[in-house]
Amino acid sequence: MLKTEKNIEINEDYMLLKLGRPEDIIFFDIETTGLSMYKSQLYLIGLLTYDESNACWKLIQYLCEEVSDELPVLEDFFKLLSSKKILISFNGDGFDIPFLSTMAHQYGISSDFSAIESFDILKKIRPLKSLLGMPDQKLKTCERFLGIGREDIFSGAELIYMYLDWQRDHDPEKLRCLLLHNDEDIENLPHVLPLLSYLYMLENPLHVERQEIKTYQDGSKTLFLYYHSEETVPVPIHYEEGRADLYFEKNQIILSIELFEGECKLFFPDYQNYYYLPVEDTAIHKSLADFMDAKYRVKATARTAYQRVNGLFVPEKADIFTPVLKKEYKGKISYVPYQAALFIDNKSSGAYLRSLLPASLVHLCRNRQEGLQ
């Protein structure tokens, strides 16, 4: 077994403190000769742990020089793991943890991951894929998004063959490349944590600091809402959803949405209690219709039980505000008369913004908000 150690500096203290105390945290990543938990070999485990005695972060790597090194590497790993409370990884829940659990079982040693909280960064950021416009969510893609550089140029698959070659010739350059790939995987994990800022921003309270309506030459009107957050995102992003645009920068989200000016209809759900007046193209409650000549009225249906409303309207994907109006009975988009007071309430204005997010995020934020209540 070849063991290497080095001290490194981490500048993401703010994000780390959100997860726990440094001394309770351990980052890890493994390298294997394949994806099969039963046929592949473990050849490298990389760890990043806080050294309390020297008040610094230490990167430790265990390289298996031979298959026989797997057992001592696993034993050292689980011994260190037993002193920690939070295990941070990238796809650890999907691959690394099941792989090590299976291998430990084969060797007959304890591998109780249930005693530690697993924080899988990939699992946490998966709902952000559409919002961030990522082609995929590989670690290197996340690094590029955040502007994190790499010296390593090899893929995990390429390094499998390099490792097998190194076992035969022990070439120092091959060893350097093997360790470098894992080193940068581990060392960059704390630096991709700021991706979580987009989630924290959307999950936590938002309030509208300012709102304005801009009128363009064609007569169209756009509402701009300037949301403030206590969170700060690392990279500005733009997300478009229908006629709405969301722009994230620093601790602000700017939402611009095209308004509709014209006529909408307020449909009454209890249409059985209304009469429709064809001449006036409106519905009235039966308590009033009783005073009218019967030839000017017909019993309303769900489609005709409405009143027409003219004005300036805000479109809604979800029924956040009331009253809810539509252009037509089966219209997919709902509308609400615009008033500046709509967006004064933080809960409603935040819910409106979140309703425009990708479906995976809408669901996640809704669950988060319900959990906070």
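Residues numbered from 1 in each chain as written. Predicted model: local features only at pLDDT ≥ 70, side-chain atom pairs only at ≥ 80, totals over all residues. Heavy atoms only, no water.

Scanning the protein from N- to C-terminus turns up twelve helices and 17 strands. By the compact-globule yardstick of 21 Å for 373 residues, the protein is too spread out, its C-alpha radius of gyration being 29 Å. For the protein, the residues scored as buried account for 49% of the 373 residues in total. Taking all contacts inside the protein whose residues are at least 6 apart in sequence as the whole, residues at least 24 apart take part in 66%. (Helix = DSSP H or I, 4+ residues; strand = E, 2+ residues; numbered from the N terminus. Rg over C-alpha atoms; globule rule 2.2 N^0.38 Å. Buried < 20%, exposed > 50% of the residue type's maximum accessible area, 1.4 Å probe, protein only. Contact = heavy atoms within 4.5 Å.)

Taken in spatial order, the six strands make up an open sheet running 1-4-3-2-5-6, and their pairing is mixed. At either margin of the open sheet sits one strand with a lone partner, and together these are strand 1 (2–8) and strand 6 (117–120). Put simply, the sheet's adjacent strands are angled 20° from each other on average, direction ignored. As paired elements, strand 2 (residues 25–32) and strand 3 (residues 42–51) share seven bridges and run antiparallel to each other. Residue pairing for strand 3: Phe-27 is matched across the bridge by Leu-48. Along the sheet, helix 8 (residues 172–192) contacts strand 1, strand 2, strand 3, strand 4 (56–63) and strand 5 (86–89); its crossing angle with strand 2, the most-contacted strand, is approximately 145°. (Pairing = 2+ DSSP bridges. Axes fitted to C-alpha atoms, helices over the stretch in contact; angles between N-to-C directions.)

What follows concerns helix 7 (residues 156–169). With 14 residues, helix 7 should reach 20 Å at 1.5 Å per residue; the first-to-last C-alpha distance of 20 Å fits that figure. Listing the buried residues of helix 7 in full gives Leu-159, Ile-160, Met-162, Tyr-163, Trp-166 and Gln-167. Looking at the packing, one finds that the buried side of helix 7 touches strand 2, strand 3, strand 4 and helix 8. Where helix 7 ends, the next residue or the one after it, His-170, has phi of about 50°, a positive value. (Expected span 1.5 Å × (residues − 1).)

Remark: helix 2 (residues 70–81) packs on helix 3 (residues 92–107), axes separated minimally by 11 Å, with the N-to-C direction vectors making an angle of 120°. The way helix 2 lies across helix 3 gives a crossing that is left-handed. Taken together, the residues of helix 3 that come into contact with helix 2 (itself represented by Glu-70, Leu-71, Leu-74, Phe-77 and Phe-78) are Leu-100, Met-103, Ala-104 and Tyr-107. Classifying every residue of the contact of helix 2 with helix 3 gives eight nonpolar, no polar and one charged. (Left-handed = near helix turned anticlockwise from the far one by under 90°. Nonpolar A, V, L, I, M, F, W, Y, C, P; charged D, E, K, R; others polar.)

What follows covers the packing of aromatic side chains. Counted by the stated rule, this structure contains 19 aromatic pairs. With 6.2 Å between their ring centres and 25° between their planes, Phe-260 and Phe-313 make a pair best called stacked. Taken as a pair, Phe-260 in strand 12 (residues 260–267) and Phe-313 in strand 16 (residues 306–316) lie far apart in primary sequence, 53 residues in all. In this structure, Phe-260 and Phe-313 share a single accessibility class: buried. (Phe/Tyr/Trp six-rings, centres within 6.5 Å; stacked < 30°, edge-to-face > 60°.)

Bringing the pairing of strand 16 into the picture now. Pairing of strand 12 with strand 16 involves eight bridges; the strand directions are antiparallel. Looking at the pairing, Gly-262 lines up with Gly-311 of strand 16. The sheet contact formed by strand 16 and strand 17 (residues 334–337) spans four bridges and is antiparallel. Its bridge partner being in strand 17, Phe-313 is matched across the sheet by Pro-337.

Read from one edge to the other, the open sheet built from three strands follows the order 14-13-15, with strand pairing classed as antiparallel. Edge positions in the sheet fall to strand 14 (282–285) and strand 15 (298–299), since each has one partner strand and no second. Sheet topology places strand 13 (residues 274–277) next to strand 15; two bridges connect them, and they run antiparallel. When the bridges of strand 15 are listed, Tyr-275 appears paired with Lys-299.

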